[in-house]
Amino acid sequence: MSDEPIKLAEGMMAAPHVCEFEGCGKRAPFGFAKPRQPSHWFCFEHREHGDRYLAGVR
Ligand SMILES: [Zn+2]
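Residues numbered from 1 in each chain as written. Predicted model: local features only at pLDDT ≥ 70, side-chain atom pairs only at ≥ 80, totals over all residues. Heavy atoms only, no water.

Visitor: Just to check I follow, could you spell out the coordination of the zinc ion for this structure?
Guide: Under perfect tetrahedral coordination by four donors, a metal shows angles of 109.5 degrees; under perfect octahedral coordination by six donors, it shows angles of 90 or 180 degrees. Coordination of the zinc ion by the protein involves Cys-19 (SG), Cys-24 (SG), Cys-43 (SG) and His-46 (ND1), with metal-donor separations of 1.9 to 2.3 Å. Between the 4 donor atoms coordinating the zinc ion, the angles at the centre fall across 104 to 115°, so the site counts as tetrahedral. In primary sequence terms, the donor set of the zinc ion follows C-x4-C-x18-C-x2-H. On the basis of relative accessibility, which here comes to 6%, the residue Cys-19 falls in the buried class. (Donors = N, O, S within 2.8 Å, 3.2 Å for Na, K, Ca; no water. Tetrahedral: all angles 85-135°; square planar, octahedral: opposite > 155°, others 65-115°. Buried < 20%, exposed > 50% of the residue type's maximum accessible area, 1.4 Å probe, protein only.)

Here you go:
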């Protein structure tokens, strides 16, 4: 079990996700997760926000 941040592919998940960026609501194929924390999902346009989650920067 690694503590490295991981990026998820939507194909691995059962349910489709929606971009978490406020006011966006597009389909979110890019998932970001840290160990023991909920994953975050963003569309192509906002996936850089997911990278910030992994980096610990808001
Ligand atoms: Zn978005």
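Visitor: So what exactly am I meant to see when it comes to the side chain of His-49 here?
Guide: Within the secondary structure layout, His-49 lies in helix α1 (residues 47-55). Its relative accessible area of 19% is what places His-49 among the buried residues. Those residues within four positions of His-49 in sequence are excluded, and the remaining contacts are Phe-21 and Phe-42. (Helix = DSSP H or I, 4+ residues; strand = E, 2+ residues; numbered from the N terminus. Contact = heavy atoms within 4.5 Å.)

Visitor: Where do I start with the pairing of strand β2 (residues 30-33) in this structure?
Guide: Regular strands place their side chains on alternate faces of the sheet. Where β2 meets strand β3 (residues 40-42), 3 bridges bridge the pair, whose relative direction is antiparallel. Looking at the pairing, Gly-31 lines up with Trp-41 of β3. Between β2 and β3, which pair antiparallel and follow one another directly, the connecting turn spans 6 residues, one of which, Arg-36, has a positive phi of 65°. (Pairing = 2+ DSSP bridges.)

Visitor: Would you explain the pattern of salt bridges in this entry?
Guide: Pairing of side chains with opposite charge becomes possible as their charged atoms draw close. The final tally for this structure, using the stated rule, is 2 salt bridges. A salt bridge links Glu-45 to Lys-26, with the nearest nitrogen and oxygen atoms 2.9 Å apart. Of the two residues, Glu-45 is situated in the loop between β3 and α1 and Lys-26 in the loop between β1 (6-9) and β2; the sequence distance between them amounts to 19 residues. With a closest N to O distance of 3.2 Å, Glu-48 and Arg-52 form a salt bridge. Here Arg-52 and Glu-48 lie together in helix α1, a separation of 4 residues that amounts to about one turn. The exposure class of Glu-48 is partly exposed, given its relative accessible area of 44%. The exposure class of Arg-52 is partly exposed, given its relative accessible area of 37%. (Salt bridge = Lys/Arg side-chain N within 4 Å of Asp/Glu carboxyl O.)

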